[in-house]
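Below are the chains, spelled out letter by letter.
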Amino acid sequence: MEVLRIAAGDGRLTAVELDQRLDAALSARTLGELAGLTADLPRVAATPSGATVEVKDVVRIDQEGGSVRRDGRWAVPRRMELRSSWCDVTLDFTDAMITQDTLRFDMDMRGGTLRLVTRPGMTVNTDSLSMSYGKTRIPRGAGPGAPNALQVELVGHMAYGRVVVRAPQRTFRRWILRTPE
């Protein structure tokens, strides 16, 4: 409904089209029905200031050596291509703008660490990831019936590296103020 509202505000939908699509969204029973209502619209996400950011279908990370870090407010794409050699990649989803329910990683990584900082409702699947001389550390997912905000699927190959999935660290400020993660 937010995507439809933003599209109408940008002039991509008329008031009549907006009403029709909102009615259909409210009566939708499956995610497929909802996806059909926005298929012809560009993916956008709203920032806290109210500005909109277009969500890319594919983001590529291609780096040799060093490190790459994404954190804060960033728009999560539908798919990420990760091609790196001896590089540490950290993706922090704590404050990320998630606009769909699935993120697929197409990986070809040699050496280094892929570190995913998750938030409640995220699950990571490594069933389609081929590992050579590496290891994964992924906590168990939530029990059945728990809400699923984002399903991350790692596909491809990793050699001489590791995958680490963890919850955000509790900062001293949050500990003192006794605020949740």
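Located above this text is the structure these notes cover.
The structure reproduced in this document is the subject of the present report. (Residues numbered from 1 in each chain as written. Predicted model: local features only at pLDDT ≥ 70, side-chain atom pairs only at ≥ 80, totals over all residues. Heavy atoms only, no water.)

All right, on to the side chain of Ser84 then. For Ser84, the location among the structural elements is in strand S5 (residues 79–85). Under the relative-accessibility criterion, Ser84 is labelled buried at 3%. Setting aside residues no more than four positions away along its own chain, Ser84 makes contact with Gln63, Asp108, Met109 and Arg110. (Helix = DSSP H or I, 4+ residues; strand = E, 2+ residues; numbered from the N terminus. Buried < 20%, exposed > 50% of the residue type's maximum accessible area, 1.4 Å probe, protein only. Contact = heavy atoms within 4.5 Å.)

Quick look at the packing of aromatic side chains now. In total, this model carries 3 aromatic pairs according to the counting rule given. Measuring from centroid to centroid gives 5.3 Å for Trp74 and Phe93, while their planes differ by 45 degrees, and the two rings are tilted. Taken together, the residues Trp74 in the loop between strand S4 (67–70) and S5 and Phe93 in the loop between strand S6 (88–92) and strand S7 (102–117) connect sequence positions 19 residues apart. Take Trp74: its relative accessible area is 6%, and that puts it in the buried class. The interplanar angle of 5 degrees and the centroid separation of 5.5 Å between the aromatic rings of Tyr133 and Tyr160 together place this pair among those described as stacked. Highlighted residues: Tyr133 in the loop between strand S8 (122–132) and strand S9 (135–137) and Tyr160 in strand S10 (residues 150–166), separated in sequence by 27 residues. Take Tyr133: its relative accessible area is 70%, and that puts it in the exposed class. Since its relative accessible area comes to 44%, Tyr160 is described here as partly exposed. A network of ring pairs unites the aromatic residues Trp86, Tyr133 and Tyr160 as a single cluster. (Phe/Tyr/Trp six-rings, centres within 6.5 Å; stacked < 30°, edge-to-face > 60°.)

The next subject is the side chain of Thr118. Tracing the backbone through its elements, the reader meets Thr118 in the loop between S7 and S8. You can call Thr118 buried: its relative accessible area is 10%. Those residues in contact with Thr118 that lie beyond four places of it in its chain are Thr94, Val124, Val165, Arg166, Ala167 and Pro168.

Okay, helix H1 (residues 2–9) next. Among the residues of H1, those classed as buried are Val3, Leu4, Ile6 and Ala7. The buried residues of H1 occupy an angular sector of 165 degrees when projected down its axis, which confines them to one face. Looking at the residues trailing H1, positive phi occurs at Gly11, about 90 degrees. (Arc of directions from axis to C-beta.)

Across its 13 residues, helix H2 (residues 15–27) extends 19 Å between first and last C-alpha, which sits within 8% of the 18 Å expected from 1.5 Å per residue. Listed in full, the buried residues belonging to H2 are Leu18, Arg21 and Ala25. Take H2 and look down its axis: the buried residues cluster within an arc of 75 degrees, on one side only. Exposed side of H2, more than 90 degrees from the buried face: Val16, Gln20, Asp23, Leu26 and Ser27 are the residues found there. Contact partners of the buried residues in H2: H1 and helix H3 (31–38). (Expected span 1.5 Å × (residues − 1).)

For the pair H2 and H3, the least separation of the axes is 9 Å and the interaxial angle reads 165 degrees. Taken together, the axes of H2 and H3 are roughly antiparallel relative to one another. H2 and H3 meet at a crossing whose hand is left-handed. Of H3, the residues touching H2 (which contributes Arg21, Ala24, Ala25 and Ser27) are Glu33, Leu34 and Leu37. (Axes fitted to C-alpha atoms, helices over the stretch in contact; angles between N-to-C directions. Parallel < 35°, antiparallel > 145°, perpendicular 65-115°, else oblique. Left-handed = near helix turned anticlockwise from the far one by under 90°.)

Turning to the pairing of S5, a few remarks are in order. As defined by bridge partners, strand S3 (residues 58–64) adjoins S5 across 7 bridges and the pair is classed as parallel. By the bridge assignment, Val59 is partnered in S5 with Met80. (Pairing = 2+ DSSP bridges.)

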